[in-house]
Amino acid sequence: WAVHAADVEAILDLKRERNAVILAHNYQTPEIFHCVSDIVGDSLALAREAQTVDADVIMLAGVHFMAETAKLLNPAKTVLVPDLRAGCSLAESITAQDVRDLRSQHPGVPVVTYVNTSAAVKAESDICCTSGNAVRVIESLGVDRVIMIPDEFLAQNIARQTGVEVITWAGHCEVHERFTPQDIRQLRVDHPDAVVLAHPECPPDVVAEADTSGSTAQMLDFVVTRRPSTVALITECSMSDNIAAQHPEIDFVRPCNLCPHMKRSSLAKIRAGLESLTHEVTIEPDVADRARRAVERMLAV
Ligand code: 13P
Ligand code: SF4
């Protein structure tokens, strides 16, 4: 704690001076999540909260696509990210030209784009989704076939839940693709009482071995409302750390994988960013207008 105390105090002062808020994703480390953030949540909650934030500066403690979404919804505000290199293997797997090519291969099929993408890719899309609302978004379209990009596993998992046929793209989350069905089977041998929750970015055969699946906010909601005595969250490591800090009575089994992009954030970088207002996220206006439409359409569902 002594290592972090000076940074935490400086960040709290800077938030007041700059009229800034910190939005943090559930995968941020506990000292960011618990000590300096104003709003925490999954990708959907961060997008929703970004719509109503009352501040001049938004520091998005997360990865670049999350900060871009906050900027889309707040074009007049300064949106910062702790480290501009905080990418995402899903966002990097697909370009705007790839989406245009998919459209010409499948004319008339709507494009549903996971928020884990660049603004340029969102700009080519009909509607966005997150892991928390993908089922609702797909069902809202009332069609029997969609192009769902770029997460192949999320698309396959959602296809199972909705019965809608999905045309997929071969993007994967480098964190969740590493889990295997054998990991879950071994976990059940070692911890027979554990309730197993898998993120839908995991391969479908991993989700099939779990008790249930959901976004990071849905995982948190499950733990807080059902209060299992032992739980395993098949996702990024900080997720369990953050919940465990508030629920010492629950035993967390932690077969986690780290996201190197989320881990580019630190208190020191948040402090430096707020001091100098650096690592600002900008989006070309024409791209922003088209991308915003896809995000707002999602938020209206
Ligand atoms: P959610 O928090 O929306 O479940 O997303 C997980 C994720 O991988 C974000 O990068
Ligand atoms: Fe991207 Fe996966 Fe990291 Fe989320 S956990 S930011 S999907 S690489």
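Note that residues are indexed from 1 along each chain, following the sequence as it is written. Chains carry letters from A onward and ligands carry numbers from 1 onward, assigned in written order. Only residues with pLDDT of at least 70 get local features here, since the model is predicted, and only at 80 or more are side-chain atom pairs given and counted; chain-wide, interface and lining totals rely on the full set of residues.

- Per an unreviewed UniProt entry, the recorded name for the protein is Quinolinate synthase, and the organism is Ornithinicoccus hortensis.
- UniProt positions are given in the numbering used here, feature names are shortened, and annotations may be inferred rather than shown by experiment. Note on the protein: under the UniProt heading Pathway (unreviewed entry), the record states "Cofactor biosynthesis; NAD(+) biosynthesis; quinolinate from iminoaspartate: step 1/1."
- Per UniProt, the protein has the following entry under Catalytic activity (unreviewed entry): "iminosuccinate + dihydroxyacetone phosphate = quinolinate + phosphate + 2 H2O + H(+)".

**So, unusual backbone geometry**
At step 1: The linkage connecting I149 with the following residue, P150, adopts the cis geometry, with an omega of -10 degrees.
At step 2: Positive phi, close to 50 degrees, is recorded for L277, a residue that is not glycine.
At step 3: The way it works is that DSSP assigns letters per residue, a run of H or I at least four long becomes a helix, a run of E at least two long becomes a strand, and they are numbered from the N terminus. Among the secondary structure elements, L277 is positioned in the loop between α13 (267–276) and α14 (285–300).

**Observations regarding the UniProt feature "binding site: [4Fe-4S] cluster" (unreviewed entry) in the protein**
At step 1: Feature annotation in UniProt places "binding site: [4Fe-4S] cluster" (unreviewed entry) on C88, C173 and C259, given in this structure's numbering. In sequence the annotated residues extend across 172 residues, while in space they remain close, none of their C-alpha pairs exceeding 9.2 Å.
At step 2: In this fold, C88 is placed in the loop between β4 (78–80) and α5 (96–105).
At step 3: Its 25 C-beta neighbours within 10 Å are what place C88 among the buried residues.
At step 4: Mapped onto the secondary structure, C259 falls in the loop between β12 (251–253) and α13.
At step 5: Counting other C-beta atoms within 10 Å of each residue's C-beta, where C-beta atoms are placed from the backbone, gives the exposure class: buried for 20 or more, exposed for 12 or fewer, partly exposed between. Under the C-beta neighbour-count criterion, C259 is labelled buried, with 23 such atoms within 10 Å.
At step 6: Throughout, a residue-residue contact means that the two C-beta atoms, derived from backbone geometry, are no farther apart than 7 Å. Once residues within four sequence positions are removed from consideration, C259 is found in contact with Y27, V175 and E236.

**A few points about the UniProt feature "binding site: iminosuccinate" (unreviewed entry) in the protein**
At step 1: On the UniProt side, "binding site: iminosuccinate" (unreviewed entry) is annotated at positions that read H25, S43, Y114, V115, N116, S131, H199, P200, E201 and T216 here.
At step 2: Contact partners of H199, with chain neighbours within four places excluded, come to S131, H176, T216, I234 and T235.
At step 3: In this structure, E201 sits in the loop between β9 (195–198) and α10 (204–209).
At step 4: Each residue touching E201, except ones within four places of it in the same chain, is listed here: S131, D151, F153, L154, C173 and H176.

**Quick look at helix α7 (residues 134–141)**
At step 1: Where α7 is concerned, the buried positions are A134, V137 and I138. Angular distribution of buried residues about the axis of α7 spans 95 degrees; they occupy a single face of the element.
At step 2: Summarising the contacts, the buried residues of α7 are in contact with β5 (111–114), β6 (127–129), β7 (145–149), α8 (152–162) and α14.
At step 3: Phi turns positive one or two residues past the end of α7, at G142, with a value near 65 degrees. Arc definition: it is the arc formed by the directions from the helix axis to the C-beta atoms.

**Thoughts on the sheet that holds strand β8 (residues 165–167)**
At step 1: We treat two strands as partners when DSSP finds at least two bridges between them. Spatial ordering of the open sheet is given by β6-β5-β7-β8, a layout of four strands whose pairing is parallel. Looking at which strands have only one partner, the edges of the open sheet turn out to be β6 and β8. Pairwise comparison of adjacent strand axes, ignoring direction, gives a mean angle of 35 degrees for this sheet.
At step 2: Note: β7 against β8, three bridges, orientation parallel. Bridged to I147 within β8 is I167.
At step 3: Only C-alpha atoms enter the line fits that serve as axes; for helices the fit covers just the stretch in contact. Angles between N-to-C directions range over 0 to 180 degrees. Of the strands in this sheet, β5, β7 and β8 are in contact with α8, which crosses β8 at around 170 degrees.

**A short note on the site of ligand 1**
At step 1: All residues are tested the same way: a C-beta atom is placed from the backbone, and lying within 6 Å of a molecule or strand makes the residue near it. Within the structure, ligand 1 sits among N26, D42, S43, L44, N116, T130, S131, G132, C173, E201, S215 and T216.
At step 2: Under the grouping applied here, Gly and all other residues not named as nonpolar or charged are polar, the nonpolar ones being Ala, Val, Leu, Ile, Met, Phe, Trp, Tyr, Cys and Pro and the charged ones Asp, Glu, Lys and Arg. Among the residues making up the shell around ligand 1, the classes are represented as two nonpolar, eight polar and two charged.

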